[in-house]
Amino acid sequence: MRFAEACSTADETLEAADQASDRLREILGDGPIDLVLAFFNARHVPAADELAARLKERLAPVCLAGASGAAVITSSHELESGPALTLFGARLPGVEVRPFIMASSAWGEAMSDAVEFSRHTSGVDGAELVIVLSDPFTIDADRVLRAFNQFAPGVRVVGGLMSAGPRPQANAVFLNDWVAREGGIGIALKGALRVDVVVSQGCRPIGPPLTVTRADQNILIELDGQPALERAEQVLRDLNDGEREMLKHGLYLGRPVRGEGVGRGDYLIRNLLGADRDQGVIAIADRAVERERVRLHVRDADSAVEDLELLLAPQEFDSKAHGALLFTCNGRGRSFFGRPDRDISILQEALGGSIPVAGFYCAGEIGPVGERNHLHGQTASIAVLRPPSAPSRSATEPD
């Protein structure tokens, strides 16, 4: 088993493809390549067809896939500006690579019917990992993940929503000969492979847990028996000066994903979409559930670093990782941490350095918490890849 990463910052798409392909082939050496993942930013979206064709010609992988993001992650840097392309190549003896297309026109029934789901996701059953890369405007990722949780329970899904542009048709995705500006792709990996998954939140809770006493779809009407907006403002008034300072980075709502949400990583972070002062209600980017206990959260760089380091700590005592994929929120990066390359630096330090890593900044990150897969925000979702020889240690829970 062997992984490699190669990147190019050339402005012209075919030149970038040639540079990265040559370097990837040099690292991997002669022989067939089972999987190539290409991550590229907005500069290369208009030429995605040519990019896919050139990579197929130069590398001839068994499976070629690509997706666009606001920034591209390499083994040592997070390329947040300028043209960028990174390739992640793998030679995977004993691993079955089963890709599938999530065409937006065909995935309605697949998300609600077991037979249709199985027909559209060949190879998912019993997979060690499924990588999903999708367009946020044409694929309902929450529904897709609910279908995985229902029809392929226990199968872990990692990936993200493309983020190269803020409107439909601004992204590009490809799988072998299929290239599109909508939909998504999945790749199931099964066989002689061990994957540890880390999902690290970038927020910290503030104030007490709040019980949803009345809700309608994504509208919070009452919290703790009071108008939702009134109760939330009470919590904000009681914050200390340090917590108030963190509000400038944004306010979010955490929905419990495990139990009543009392510990680290127990919440799914959701955006607050707005509030109606006349009605006293709050709109959130999720379905509100009555009687669950939610909590307000703020973005906090120190908490994000601490959380990622803690969750990655077991990796330092495991066998040497062979490669990793990193899907991180486009709200992280230099503007959040105050310095570049923070997530990739922490990951490389935990893995012992010089590990092939690739990924991109996402408009929503996909990863499991507990026994279910979820769509996250403000999160780093990581898949650490190894041969199956060494005993597994969970990286989703701190020691």
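The structure displayed is predicted, hence computed values, not measured ones. Per-chain numbering applies: the sequence of each chain, read as written, is numbered from 1 onward. The predicted nature of this model means local features are confined to residues of pLDDT at least 70 and side-chain atom pairs, given and counted, to a pLDDT of 80 or more, with totals for whole chains, interfaces and linings taken over all residues. Values shown for side chains rest on all heavy atoms present in the structure; no hydrogens or waters enter the calculation.

1. Re the environment of R342
- Residue placement: R342 occurs in helix α10 (residues 342-351).
- Buried residues are those whose accessible area, probed at 1.4 Å on protein chains only, stays under 20% of the maximum for their type, while exposed residues exceed 50% and partly exposed ones sit between those limits. Note on R342: relative accessible area 18%, which makes it buried.
- Between the C-alpha atom of R342 and that of H77, which follows or precedes it by 265 residues, the distance is 8.7 Å.
- Contact criterion: two residues are considered in contact whenever any of their non-hydrogen atoms come within 4.5 Å of each other. What R342 contacts, discounting residues up to four positions off in sequence, is E78, V305 and F337. A helix here means a DSSP run of H or I that spans at least four residues, while a strand means a run of E at least two residues long, and both kinds are numbered starting from the N terminus.

2. Details of the nonpolar core
- Nonpolar cores are built from buried Ala, Val, Leu, Ile, Met, Phe, Trp, Tyr and Cys residues. Side-chain atoms within 4.5 Å join them into one set. Counting 35 residues, the largest nonpolar core has L35, L37, V97, I131, L133, I187 and F327 as its most contacted members.
- If sequence neighbours within four positions are ignored, I131 has contacts with L37, V158, I185, G186, I187, L189, L325 and F327.
- Ranked by size, the runner-up nonpolar core spans 25 residues in total, among them L308, A321, F337 and L351.

3. What about the pattern of salt bridges?
- What makes a salt bridge here is a side-chain nitrogen of Lys or Arg within 4 Å of a carboxyl oxygen of Asp or Glu, nothing more. Tallied over the entire structure, the rule returns 23 salt bridges.
- Note that R231 and D224 form a salt bridge whose closest N and O atoms lie 2.9 Å from each other.
- Since its relative accessible area comes to 14%, R231 is described here as buried.
- A salt bridge links D286 to R270; the nearest nitrogen and oxygen atoms lie 2.9 Å apart. Residue D286 is located in the loop between β19 (281-284) and β20 (293-299), and its partner R270 is located in strand β18 (residues 267-276); the two are separated by 16 residues in the primary sequence. Each of the two residues, D286 as well as R270, counts as buried.
- Several salt bridges converge on common partners, so that one network encompasses D18, D22, R54 and R58.

4. Things to note about the side chain of H120
- Looking at the secondary structure, you find H120 in helix α4 (residues 114-120).
- Taking the relative accessible area as the measure of exposure, H120 reaches 14% and is therefore buried.
- The definition of a polar contact used here is a pair of N or O atoms within 3.5 Å, where within protein one atom must be able to donate a hydrogen and the other to accept one, and adjacent residues in sequence count solely through side-chain atom pairs. Within polar-contact distance, the side chain of H120 engages the backbone oxygen of E116 at 2.9 Å.
- In this view, H120 contacts F100, I101, A106, W107 and A110; residues no more than four positions away in its chain are not counted.

5. With respect to the packing of helix α8 (residues 301-312) against α10
- Look at α8 against α10: their axes get within 10 Å of each other, and the N-to-C directions meet at 25°. One way to sum up the angle between α8 and α10 is to call them roughly parallel. Of the two possible hands of crossing, α8 and α10 adopt the one that is right-handed. Only R342, D343, I346, L347 and A350 of α10 make contact with α8, whose side of the interface consists of V305, L308, E309 and L312.
- Polar here means any residue other than Ala, Val, Leu, Ile, Met, Phe, Trp, Tyr, Cys and Pro, which are nonpolar, and Asp, Glu, Lys and Arg, which are charged; Gly is therefore polar. Classifying every residue of the contact of α8 with α10 by side-chain character gives six nonpolar, no polar and three charged. Inter-axis angles, ranging from 0 to 180 degrees, are taken between N-to-C directions of lines fitted to C-alpha atoms, where helices are fitted over the stretch in contact. Working definition: roughly parallel below 35 degrees, roughly antiparallel above 145 degrees, roughly perpendicular at 65 to 115 degrees, and oblique for all remaining angles. Note: crossing handedness is left-handed where the near helix turns anticlockwise from the far helix by less than a right angle, and right-handed where it turns clockwise.

6. Quick word on the sheet that holds strand β21 (residues 323-329)
- Only strands that DSSP links by at least two bridges are regarded as paired with each other. Here we have six strands laid out as an open sheet, ordered β5-β4-β22-β21-β25-β13, and mixed in their pairing. Two strands in the sheet have a free side with no partner beyond their single neighbour: β5 (78-79) and β13 (194-201).
- Sitting on the sheet, α8 touches β13 and β25 (379-386), and the angle it makes with β13 is about 160°.
- Relative to the sheet, α10 contacts β4 (72-73), β5, β21, β22 (357-362) and β25, its axis offset from that of β21 by approximately 150°.

7. Observations concerning the confidence of the model for the chain
- On a scale of 0 to 100, pLDDT captures the predictor's confidence in every residue. Across the chain, pLDDT averages 93, with 95% of residues at or above 70.
- When the criterion is pLDDT under 50, residues 392-399 qualifies, and its contacts beyond four places in sequence or with other chains add up to 22 contacts.

8. As for the packing of aromatic side chains
- Stacked, edge-to-face and tilted labels apply to pairs of Phe, Tyr and Trp rings (six-membered ring for Trp) whose centres lie within 6.5 Å, assigned for plane angles under 30 degrees, over 60, and everything in between, in that order. For the structure on display, the rule yields nine aromatic pairs.
- Arranged with centres 5.4 Å apart and planes meeting at 35°, the rings of F39 and F360 form a pair that is tilted. Of this pair, F39 sits in strand β2 (residues 35-40) while F360 sits in strand β22, and the two are 321 residues apart along the sequence.
- Between F117 and F151 the ring centres are 5.5 Å apart and the planes differ by 45°, which places this aromatic pair in the tilted class. Linking F117 in helix α4 with F151 in helix α5 (residues 141-151), this pair joins segments that are 34 residues apart in sequence.
- Here F117 falls in the buried class, since its relative accessible area comes to 3%.
- On the basis of relative accessible area, F151 is assigned to the partly exposed category, the value being 22%.
- A network of ring pairs unites the aromatic residues W107, F117, F148 and F151 as a single cluster.

9. With respect to the pairing of strand β24 (residues 372-376)
- Taking burial as the measure, the five residues of β24 include four buried ones, the bulk of the element.
- Counting the residues in the hairpin turn of strand β23 (residues 365-369) and β24 gives two residues, including G370, whose phi is positive at 65°.

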